[in-house]
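# Chain and residue survey
Below, each chain spelled out in residue letters.
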Amino acid sequence: PPLPFYLSYIFVNIMYPVRSISMCASIYMTVGLSFERYTFLAKPLYHRTRHNTNTYTRVFLYIISSVTFSCLYYIPRFFDLEIQENTSNCDFRSQQNETLNINEPQNCTVHFDINPTKIRQNPYYILWYINVSNLAVTGLVPGVLLAFFNYNIYQLLKRNKVQRESMVSRRSSNG
C-alpha cells in the first residue's frame, strides 16, 4: 500500500539524511575514542595536562566536531529524493453537465511516490559522491586511523608490560 504523505515526508526529509549523518558521526566518534586511548598511552604527560581540563568539554568537542563534519558532508542527501503526487483510478465523465466538464477526472485516488531527483540520477554524482567519497570518508580514512591507533596501542601496551616485568625482576634480584 502507498505511504501517506506525512510518512513519505518524514522519510525523505528526516530519516534518510539523518541515518547517514548519524552513522558517519558514530564512526568518527569511535575514531576519536581510539585517539584518546592512544594519546593516554603514547603521551601520558600531555594527556594528564589535558585531563585537567573539563572532561565534558573534551567529550562535547568530539561530539560537536563529528556531528558537524557529518552534517556538512551529507548535505547532498537532503536533495537525493523527492515526493511526487500521483493520481490513479479516475472516473471520466463523458456527459456535459452544469458542474462537470467533459472528460474531467472524478473520484481519483491520490498517492505519493518517493522518487530519486535528477541530482541522484547523475552518473558523476553516483560514482564520485555515493561510491568513491563515501568509501573514502566512511571506510578507508576511519579504517586506516583505527588500524594505526589500535596497532600503536597494542605495541605500547606490549612495551609497557615488558618494562614492568623487567622492573619487577630487578627488584626481586636486588632484594
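Our subject is the structure that appears above.
Residues numbered from 1 in each chain as written. Predicted model: local features only at pLDDT ≥ 70, side-chain atom pairs only at ≥ 80, totals over all residues. Heavy atoms only, no water.

If you trace the backbone, N13 turns up in helix α1 (residues 5-42). Using a relative accessible area of 28% as the deciding quantity, one classes N13 as partly exposed. With 69 residues separating them in the primary sequence, N13 and E82 have C-alpha atoms 8.7 Å apart. (Helix = DSSP H or I, 4+ residues; strand = E, 2+ residues; numbered from the N terminus. Buried < 20%, exposed > 50% of the residue type's maximum accessible area, 1.4 Å probe, protein only.)

All right, on to the environment of Y62 then. By secondary structure assignment, the location of Y62 is in helix α3 (residues 55-73). According to the relative accessible area criterion, Y62 is partly exposed, its value standing at 24%. Through-space distance from the C-alpha of Y62 to that of V31 is 9.8 Å; in sequence the pair is 31 residues apart.

Membership of the largest hydrophobic core is limited to nine residues, which are I21, C24, Y28, Y73, Y74, Y125, Y129, I130 and V137. Going through the elements one at a time, α1 and α5 (123-174) are the ones with two or more residues in this core. With four residues, the single largest contributor to this core is α5. Within the second largest apolar cluster, six residues are counted, among which are V31, L41, F149 and L156. (Core = buried A, V, L, I, M, F, W, Y, C linked by side-chain atoms within 4.5 Å.)

Our next topic: the pattern of salt bridges. Per the stated rule, a full pass over the model turns up three salt bridges. Between E36 and R58 there is a salt bridge, with the nearest N and O atoms lying 3.1 Å from each other. Here R58 lies in helix α3 and E36 lies in helix α1, a separation of 22 residues in the sequence. The pair E36 / R58 is uniform in exposure class, with both members buried. When the shortest N-O distance is used, the salt bridge between R77 and D80 registers 3.1 Å. (Salt bridge = Lys/Arg side-chain N within 4 Å of Asp/Glu carboxyl O.)

This next bit is on the side chain of S34. Along the chain, S34 turns up in helix α1. Here the side chain of S34 touches N150 through a polar contact of 3.4 Å, side chain to side chain. Beyond its immediate stretch of four places on either side in the chain, S34 contacts L146, F149, N150 and I153. (Polar contact = N/O pair within 3.5 Å; in protein donor to acceptor, adjacent residues only side chain to side chain. Contact = heavy atoms within 4.5 Å.)

With that settled, the discussion passes to α3. For α3, spanning 19 residues, the distance from its first C-alpha to its last is 27 Å, which sits close to the expected 27 Å at 1.5 Å a residue. Inspection of α3 places R58, S66, S70 and Y73 among the buried residues, and these make up the whole buried set. All buried residues of α3 fall inside an arc of 90° around its axis, so they share one side. Every exposed residue of α3 that faces more than 90 degrees away from the buried side is listed here: Y56, F60, L61 and L72. (Expected span 1.5 Å × (residues − 1). Arc of directions from axis to C-beta.)

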